[in-house]
Amino acid sequence: MKLAMTLLASSALGLVAGAIDAQDTEMAPCENCSNELTLVSWGGSYQDSQVKAYAEPYLKLNPGVSIIWDESSAESTAKMRAMTQAGNVTWDLIDALASDNMRMCDEGLIQSVDIDQIAAPAPDGKPASEDFGELLISDCFIPQIVYSTAFGYRTDMVGDTPPSSICDIFDLQKYPGKRALEKRPINNVEWAIYCDGVPKEEIYNVLGTDEGVARAFKKLDTIKDQVVWWTAGAETPQLLADGEVVMGSTYNGRLFSAIVEQKQPIGMLWDMQAFDLDGWAIPAGVPEDRLNRVKHFLRFATDTQRLADQAQYISYGPTRKSSAPLVGFSDVLGVEMAPHMPTDPANSANVLIYDYGWWADHRDDLDAKFQAWLAQ
């Protein structure tokens with residue numbers, strides 16, 4: 001609940017329209033630094049926003065440096081385990097979900113950081129730790145964006161009454177047709193148990209029992225033969241654009257791109273959108289010259305201006321309080337960004353707030369049970 005209040009308070013600041021000054025700033029040279037940086041991200045419009053807001057300006061200020069992108073963030077935990085066991089970690093910086101970050105941190109796969117040494121202070125001199133505040137959910141986590149997993153639907157396939165409740169995804173009579181759901185338990189089991197009548201505040205207590213998990217899967221059974229399972233965020237917008245599904249979940253920024261940039265006939269279902277955090281993680285054991293480059297890049301990429309700049313390209317909220325007032329009209333996209341943010345009050349009347357500690361403890365077990373259920 002405390003996290004929810006923090007995010008909503010940040011959104012109120014984010015409604016203040018302000019022109020973003022994207023002028024490059026001077027940087028101290030990076031001493032004893034590798035000239036190559038391997039960044040792990042998610043591909044698609046989200047990675048494009050990182051390229052434009054962080055990478056391209058950084059490379060302009062640091063000629064001779066090259067950035068290699070790896071689009072493996074969805075498998076970051078498994079791949080970090082394998083690379084660590086093999087003694088050959090080739091990644092320098094990982095863009096990871098908060099829950100994955102906590103798992104990797106607990107397993108010693110990534111480094112703990114002093115955020116006040118890694119990140120620049122706010123423009124008013126406030127330490128980074130205060131500027132990020134309660135979004136510092138792990139000792140290894142460098143917050144970057146607030147986003148959500150929400151549903152999009154084909155406006156021409158839902159009749160005169162478009163879906164308004166998350167539980168409409170389970171109503172095959174009112175909304176016949178295929179649904180797209182992510183091929184993992186997180187989000188799906190919460191939505192299922194909620195739509196089976198469990199109050200929101202009891203979701204994780206119920207899912208903490210074998211009976212609760214079975215109940216969630218039983219609810220998902222009611223639509224299982226109408227589900228197209230996705231593993232990459234770009235799949236749902238394409239399935240919607242092709243008319244292969246009537247509704248589907250994905251990251252709100254993917255749907256924003258389909259609606260605003262591609263002008264697809266897609267509407268947003270914000271009810272019970274799953275708020276989440278995404279941020280940077282530094283692999284354990286990165287050699288000194290590569291680590292120095294990582295820290296140099298991070299100080300630039302996590303400053304107040306750069307986090308606000310990313311919101312010029314995609315509808316994810318910046319994690320610094322000092323960045324929020326800079327989010328307004330996007331000169332790049334030609335739209336007011338605040339109404340498309342998951343944290344906008346009009347979109348966040350009923351949201352799902354993850355219990356990160358619960359998922360860190362239960363993720364491996366739920367993953368195994370989910371895969372077994374899929375195979376039935």
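In case you missed it, the structure is sitting above this.
Keep in mind the model is a prediction, meaning the values are calculated, not measured.

Chemist: Provide a residue-level description of the overall build of the protein chain, including the pertinent values.
Modeler: Each helix and strand in the protein chain was counted, giving 14 helices and 12 strands. The C-alpha atoms of the protein chain give a radius of gyration of 20 Å, which matches the 21 Å a tight globule of 376 residues would have. Along the first, second and third principal axes, the C-alpha atoms of the protein chain reach 65 × 45 × 35 Å. When contacts within the protein chain are restricted to residue pairs at least 6 apart in sequence, long-range pairs at least 24 apart make up 78% of them. Of the roughly 15,100 Å² of accessible surface on the protein chain, a fraction of 50% belongs to carbon and sulfur atoms.

Chemist: Give me helix 12 (residues 288–301): which residues, what numbers.
Modeler: With 14 residues, helix 12 extends 20 Å between its outermost C-alpha atoms, agreeing within 8% with the 20 Å of an ideal straight helix rising 1.5 Å per residue. Where helix 12 is concerned, the buried positions are Arg 290, Leu 291, Arg 293, Val 294, His 296, Phe 297, Leu 298, Phe 300 and Ala 301.

Chemist: So, the nonpolar core: which residues are in play, and what are the values?
Modeler: Among the nonpolar cores identified, the biggest contains 46 residues, and Ile 203, Leu 352, Tyr 354 and Trp 359 are the most heavily contacted of them. Every element with two or more residues in this core is listed here: helix 4 (98–106), strand 4 (142–154), helix 7 (188–195), helix 8 (203–207), helix 9 (210–221), strand 8 (266–281) and helix 14 (356–375). Take this core: its biggest share by element is eight residues, from helix 14. In contact with Leu 352, other than residues within four places in its own chain, are Glu 190, Trp 191, Ile 203, Tyr 204, Met 272, Gln 273, Ala 274 and Phe 275. Within the second largest apolar cluster, 25 residues are counted, among which are Leu 39, Ala 53, Val 286 and Phe 300.

Chemist: So what's going on with the packing of helix 9 against helix 14? Which residues, and what values?
Modeler: One can describe the packing of helix 9 onto helix 14 by two numbers: an axis separation of 12 Å at closest approach and a directional angle of 40 degrees. Between helix 9 and helix 14 lies a crossing whose hand is right-handed. Counted together, Asp 210, Val 213, Phe 217, Leu 220 and Asp 221 of helix 9 and Leu 366, Lys 369, Phe 370 and Trp 373 of helix 14 form the full contact between these two elements. Along the lines of polarity and charge, the residues of the contact of helix 9 with helix 14 split into six nonpolar, no polar and three charged.

Chemist: An account of the packing of helix 7 against helix 9 is requested, with residue identities and associated values reported.
Modeler: For the pair helix 7 and helix 9, interaxial distance at closest approach is 8 Å and the crossing angle is 85 degrees. For the element pair helix 7 / helix 9, the angle class is roughly perpendicular. The residues of helix 9 that touch helix 7, namely those facing Asn 188, Val 189, Ala 192, Ile 193 and Cys 195, are Gly 212, Arg 215, Ala 216, Phe 217, Lys 219 and Leu 220. Each residue belonging to the contact of helix 7 with helix 9 can be placed in one class, and the counts come to seven nonpolar, two polar and two charged.

Conventions and cut-offs
Within each chain, residues carry numbers counting from 1 in the order of the written sequence. In keeping with the predicted nature of the model, local features appear solely for residues at pLDDT of at least 70, side-chain atom pairs appear and are counted solely at 80 or more, and the whole-chain, interface and lining totals rest on all residues. Excluded from the side-chain calculations are hydrogens and water; all other atoms, namely the structure's heavy atoms, are used. Strands are runs of DSSP state E lasting at least 2 residues, helices are runs of H or I lasting at least 4, and numbering of each runs from the N terminus. Every radius of gyration here is taken over C-alpha atoms, with the globule rule written as 2.2 Å times N^0.38, N being the number of residues. Pairs of residues are marked as contacts when any of their non-hydrogen atoms sit within 4.5 Å. Note that accessible areas follow from Shrake-Rupley with a 1.4 Å probe, and for residues the cover is restricted to the protein chains shown. Here a helix's expected span is defined as the number of its residues, less one, multiplied by 1.5 Å. Burial classes follow relative accessibility: with a 1.4 Å probe on protein chains only, a residue under 20% of its type's maximum area counts as buried, one over 50% as exposed, and anything between as partly exposed. Think of a nonpolar core as a cluster: buried Ala, Val, Leu, Ile, Met, Phe, Trp, Tyr and Cys residues, connected wherever their side-chain atoms sit within 4.5 Å. Axis definition: a line fit to C-alpha positions, over the contact stretch in the case of helices; interaxial angles, taken between N-to-C directions, run 0 to 180 degrees. Working rule for handedness: look at the near helix, and if it is turned counterclockwise from the far one by less than a right angle, call the crossing left-handed; if clockwise, right-handed. Amino acids are sorted into nonpolar (Ala, Val, Leu, Ile, Met, Phe, Trp, Tyr, Cys and Pro), charged (Asp, Glu, Lys and Arg) and polar (every other residue, Gly among them). Should an angle fall under 35 degrees it is called roughly parallel, over 145 degrees roughly antiparallel, and 65 to 115 degrees roughly perpendicular, with every other angle called oblique.

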